[in-house]
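Residues per chain are reported as follows:
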Amino acid sequence: MKKILTLLLALVMTVSLFAACGDKDAGNKGEGNGKPTLTIGIPADANVMSYDDNALTNWLEEQLDCNLEFMIYSGGSDIATQISTTVAARQPLPDVLWDISLGAALITQYGEDGYLVDLAPYFYSDVEAKTPNTEMAPNFWEKMDMWDAYYGEEMEAKFQDEVIYRMTEEDGAIYSYPVFGFTPTDSMVYQVWINQTWLDKLGLPMPTDVDSFYETLKAFKANDCNGNGIHDEIPLYGNRLDSLGADTYSYLINMFGYWDGGTYWLDNGDGTLQNAYTADHYREGLKFINKLYKEGLMNPLTVTGSSSEMKRLVTPATGPALVGVWVGHATIATTMGNDTLKEYVAMPYWGTAVEKRCSVTREVYITTDCPEENREIAFKMLDLFLSDEGAMRCRYGEPGVNWKDYEGTETSPSGEVWKWEIIEDPLSLQTNAIWSSALCITPCSELISMKQPGTDWYKYKIEQVWAQYQNYQAAMERNPDRVYPGPRYTTEEEERTGVARENCTTYVKTSMTEFITGILDPNNDAQWNAYLNKLDELGLATWQEVSEASWNRLLDAGFGA
Amino acid sequence: MAKSPAVAAPSALLKKTPWQKFWIRFKKNWQLHLMMVVPLAYLILFSYVPMYGLQIAFKDYRARAGIWGSEWVGLENFATFFANYKWPMYVWNTLALSLYALFASFPVPIILALTIHVNTHKVLKKVAQNVSYMPHFISLVVMIGILFSTLHPVAGMLGAIYRILGVESYIDVRYAKESFRHLYVWSGVWQGMGWSSILYVSALSGVPEELHEAAKLDGASRLRRVWAIDIPTILPTICIMLIMRCGSLLSVGYQKAYLMQSPVNKDVSEIISTYVYNNGLKKNQMSFGSAVGLMNSLISVTMLTIVNWITNKLSDHEMGLW
């Protein structure tokens, strides 16, 4: 009996080894209906129940007369690494990669190595002359002409420059379909919120400059603002840099002069550049942040914390508010609906603001594994996402179920009548209506066009975010006329500066933390000069020379004119 | 007259060639050799055959061109590692972490195994063993998550302790430079000590009971018996494990350090593998990653050989790996 049982067990286990084998085409949707099939590589989203039986998928299949199949990637930020491994193993990629952040360097590399399709011929009917191809990319070019409705003609020109600049490689190729957001809330790198309840309790006015801001933080620390009898008030808290761009340090340093640490260089106005991490006002900003850190006015978690930690502190599940001033994107908190959040109001900026006119993400690509005959369909699909209906379906889900055309007369904060009305936002819900809660394309400004369900909570959100937007616009008025948008190098320049760039960027990032936490003293001239000398040693001059050459090429081509 | 079916006459064996002798012994134990076929095939296919790919350490590997079609660049990838001004720091961080982990975590499983072994209560023994090796099965990500949630200075257990004690000014121990190595090593000790002790427990189960009885009769205390009987019994196992651990001093995995890293502790948490992960795999620089990995392996083999030689010298060739 034992022998029989043992043999049976061995047989079952052997057979189960072959369970993974099977016809890879078995069960493919749309098999045999004669329509072309596009495979889409997409990150797993825990809230999306099905990509196949999905309202957005069904609509796209109907519009494009094709079948869509999905290859789901899991692993969050490691997806780019998975793609790298697939490429290195010479395995085929899906036809379209959607919502996958490869980063500028990898996009260029994959494009030059022939893994990504050059989309320039689809955007331009004459690539040399840059003539818009309104037949292949009608929605893209239509949206590019809409900026003036929200920001005026002068800003529209800047926005168009920025979108074209960010989507185009140094050699003119375009390897990803740029997804750009219109929502002013997404255009801001940071939003600053102050606890109005605490200000009222202490009888303090809204801060209007660095000194009154400092005094306000001191008052928050010294008093029992939340009235719970415990000395747990956190005067200032914010992320170092969260996934939505909120950067507490940038906000504080911009109180002393225009500063964009993400681009590493500041335009001097005459074609030359200065390194952002050597500028005098950067040092002033560091001195101020160091002072806040030393005196316990800026919470140490700002240096290390994450968005999820911020949610926990800013909107505690139980108990009163803990934070006086926080810097972060509205989305972090406004999805909470926690009443504690209503204590916060938009705080004005009195300095400059990192000029992020629009959020241009390059996370959508067509791979060269997509058959030639299907590339046009794939491009049309990507362009559909910039149409009004496509964008609304992408972000808000199914018409009639999640949203509908607005038929009333109520107006938005801008004075315009709402265009659409949201019935139920599928974001963060279990849904079959959208593909992703991360890559959300919106057709136009949420604040101006989309009436949210009429609860107090949304009323608060719209009022405050609109105020944030206006503060940000006012700050941008104080910015220099022209700002450096970020580097773009040729392959030869990348190689020549590779070591210097890596050494310098590593050094400035670690030094910034050391200056802020007090390991180095930004007030100490000897230490500051030693820091500058070290940067010179690490090849800053080489990097500067190449960056200026690249910048001048861009200026010669008419950028910012 | 029937021939003997069993062993051939000694004189017949002496006339055979070494190859024939080997074949006779092989046929006698063919079942054991058959069992070895699958693991041997696995070793050859997945450990030896891929070695030809190491050449990409000396090439500018492009997946489109393939391994054979990529351009030779000589030692450029190795030079890239040394061109980074922080490379001594990466090597030192790796060594420091590795040596600390070695000194802290090596004796603990041995002590645990001895403690379990001397215990006479069978149920307690089993429970202690099972409970001690359960953390091994917790994934690294979950373990770090538990650790950081507990040590959160505001919302965690540590935060509650701070509030009870009235501590207002604190450092975030999860990410502080000063605490990184301690958290890294001791969390690893907690997670791995039970699993590592299994080998020693099984080695200790081979200690003859008569030796302990004889020692008891001679008046030896429990501790004396552990020192004189148990430890010498497992000493060969300890030596082998130590040699193997020494051979991987520079091969600290990136996952745990990467998860525990922050801008504040980068000076101590950036090790060779995290640097290679960030600058190699994430940026699709396979050649660079391979070059550093090859360098690590060469150093590891050298260290393994040296430590094995020292062990052989000290133990008169009885306790070395080879």
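1. Observations concerning the pattern of salt bridges
Residue and element names in this part refer to chain A. Here the structure, examined in full by the defined rule, presents 24 salt bridges over all chains. Of the charged contacts, one joins D65 and K35 as a salt bridge, the two residues approaching to 3.4 Å between their closest N and O atoms. Of this pair, D65 sits in the loop between α2 (55–64) and β2 (67–73) while K35 sits in the loop between α1 (2–17) and β1 (37–43); the two residues are 30 residues apart in sequence, bridging distant segments of the chain. We classify D65 as partly exposed; its relative accessible area is 47%. Between E376 and K380 there is a salt bridge, with its nearest N and O atoms 3.8 Å apart. Placement of both E376 and K380 in helix α17 (residues 372–384) is noted, with a separation of 4 residues, approximately one turn of the helix. In this structure E376 comes out as partly exposed when scored by relative accessible area, which is 40%.

2. Here we look at the nonpolar core
Residue and element names in this part refer to chain A. Ranked by size, the top nonpolar core spans 157 residues in total, and within it F123, F140, M381 and W435 carry the most contacts. Examining the composition of this core, we find that 7 residues originate from one element, helix α20 (residues 456–477), more than from any other. Leaving out residues up to four positions away in the same chain, M381 has contacts with L38, I40, L60, L64, L68, V96 and W435.

3. Here's the deal with the confidence of the model for chain A
When pLDDT is averaged across chain A, the result is 85; 88% of the residues are at 70 or more. With pLDDT under 50 throughout, residues 23–28 of chain A is counted as low confidence; its partners more than four residues away or in other chains account for 2 contacts.

4. A few points about unusual backbone geometry
Of note, A:D99 is a non-glycine position whose phi angle comes to about 65 degrees, a positive value. Position of A:D99 among the secondary structure elements: in the loop between β3 (96–98) and α4 (104–112).

5. Quick look at the interface of chain A and chain B
In this complex, chain A contributes 34 residues to the contact, which on the side of chain B involves 34 residues. Buried area between chain A and chain B, both sides added, is near 3000 Å², and the carbon and sulfur share of it is 52%. Where chain A meets chain B, there are 1 salt bridge. Residue A:D113 pairs with B:R62 through a salt bridge whose shortest N-O separation is 3.0 Å. Linking chain A with chain B are 11 residue pairs in polar contact (both at pLDDT 80 or more), by the criterion used here. Within the residue set of the side of chain A that touches chain B, elements represented by two or more residues are α3 (79–88), α4, α14 (301–304), α15 (307–314) and α21 (491–517) of chain A. Here the side of chain A that touches chain B takes 8 residues from α21(A), the largest share from any one element. In terms of residue class, the side of chain A that touches chain B is made up of 13 nonpolar, 13 polar and 8 charged.

6. With respect to the sheet that holds strand β14 (residues 364–366) of chain A
All names here are of chain A. The strand order across the open sheet built from 4 strands is β2-β1-β3-β14, with neighbouring strands paired in mixed fashion. One side of each edge strand has no neighbouring strand; the edge strands of this open sheet are β2 and β14. Between one strand axis and the next, the sheet turns through 20 degrees on average, direction left out of account. Sheet analysis places β1 next to β2, joined by 7 bridges and oriented parallel. Residue pairing for β2: L38 is matched across the bridge by L68.

7. Quick notes on the sheet that holds strand β12 (residues 344–346) of chain A
Residue and element names in this part refer to chain A. Across the sheet, 4 strands lie side by side as β8-β11-β7-β12; this open sheet has mixed pairing. In the strand order of this sheet, the two ends are held by β8 (234–238) and β12, each with one partner. When strand polarity is set aside, the average angle formed by the axes of neighbouring strands in this sheet is 25 degrees. Looking at chain direction, β8 and strand β11 (residues 323–327) are connected through 4 bridges and run parallel. Bridge assignment links L236 to a residue of β11, and that residue is V325. Across the sheet, helix α11 (residues 210–222) lies against β7 (192–195), β8 and β11, angled at about 115 degrees from β8, the strand it touches most.

8. Topic: a negative patch on the surface
Residue and element names in this part refer to chain A. On the surface, a cluster of negative charge is made up of E142, D145, D148 and E153. Positionally, D145 belongs in the loop between α6 (138–144) and α7 (147–151). Residue D145 is classed as exposed on the basis of its relative accessible area of 51%.

9. Overview of α21(A)
All names here are of chain A. Helix length check: α21 (27 residues) gives 37 Å between terminal C-alpha atoms against 39 Å at 1.5 Å per residue, within 8%. At T497, α21 is deflected by roughly 55 degrees, the largest bend along its length. Positive backbone phi, at 95 degrees, marks G518, one or two positions downstream of α21.

10. As for the pairing of β7(A)
Residues and elements named next belong to chain A. In β7, alternate side chains face the same way, and those of V192 and I194 on one face and W193 and N195 on the other are all buried. Where β7 meets β11, 3 bridges bridge the pair, whose relative direction is antiparallel. Looking at the pairing, V192 lines up with V327 of β11. Note that β7 and β12 share 3 bridges and pair antiparallel. Across the sheet, residue I194 finds its bridge partner in β12, namely V345.

11. Some remarks on the environment of A:V12
Within the secondary structure, A:V12 is located in helix α1. Along the backbone, A:V12 and A:E128 are 116 residues apart, and their C-alpha atoms lie at a distance of 65 Å.

12. Some words on the side chain of A:T340
On the secondary structure map, A:T340 appears in the loop between α16 (330–334) and β12. Residue contacts for A:T340: discarding those within four places in its chain leaves A:V314, A:P316, A:G319, A:P320 and A:A321.

13. A closer look at the packing of α11(A) against helix α13 (residues 280–294) of chain A
Residues and elements named next belong to chain A. Following both chains from N to C, one finds α11 and α13 inclined at 10 degrees, their axes separated by 12 Å at the closest point. Taken together, the axis directions place α11 and α13 in an arrangement best described as roughly parallel. In this structure, α11 crosses over α13, and the sense of that crossing is right-handed. Between α11 and α13, the residues in contact are V210, F213, Y214 and L217 and F288, K291 and L292, respectively. Residue classes in the contact of α11 with α13 are distributed as 6 nonpolar, no polar and 1 charged.

Here is what the cut-offs are and how they apply
- Residues numbered from 1 in each chain as written.
- Chains lettered and ligands numbered in written order.
- Predicted model: local features only at pLDDT ≥ 70, side-chain atom pairs only at ≥ 80, totals over all residues.
- Heavy atoms only, no water.
- Salt bridge = Lys/Arg side-chain N within 4 Å of Asp/Glu carboxyl O.
- Helix = DSSP H or I, 4+ residues; strand = E, 2+ residues; numbered from the N terminus.
- Buried < 20%, exposed > 50% of the residue type's maximum accessible area, 1.4 Å probe, protein only.
- Core = buried A, V, L, I, M, F, W, Y, C linked by side-chain atoms within 4.5 Å.
- Contact = heavy atoms within 4.5 Å.
- pLDDT = per-residue confidence, 0-100.
- Buried area = accessible area lost by both parts, 1.4 Å probe.
- Polar contact = N/O pair within 3.5 Å; in protein donor to acceptor, adjacent residues only side chain to side chain.
- Nonpolar A, V, L, I, M, F, W, Y, C, P; charged D, E, K, R; others polar.
- Pairing = 2+ DSSP bridges.
- Axes fitted to C-alpha atoms, helices over the stretch in contact; angles between N-to-C directions.
- Patch = residues over 30% accessible without salt bridge, like charges linked within 9 Å, V, L, I, M, F, W, Y side chains within 5 Å.
- Areas by Shrake-Rupley, 256 points an atom, 1.4 Å probe, with all protein chains shown as cover.
- Lys, Arg positive; Asp, Glu negative; His and termini not counted.
- Charge placed at Lys NZ, Arg CZ, Asp CG, Glu CD.
- Expected span 1.5 Å × (residues − 1).
- Bend = angle between axes of the 7 residues up to and from the residue.
- Parallel < 35°, antiparallel > 145°, perpendicular 65-115°, else oblique.
- Left-handed = near helix turned anticlockwise from the far one by under 90°.

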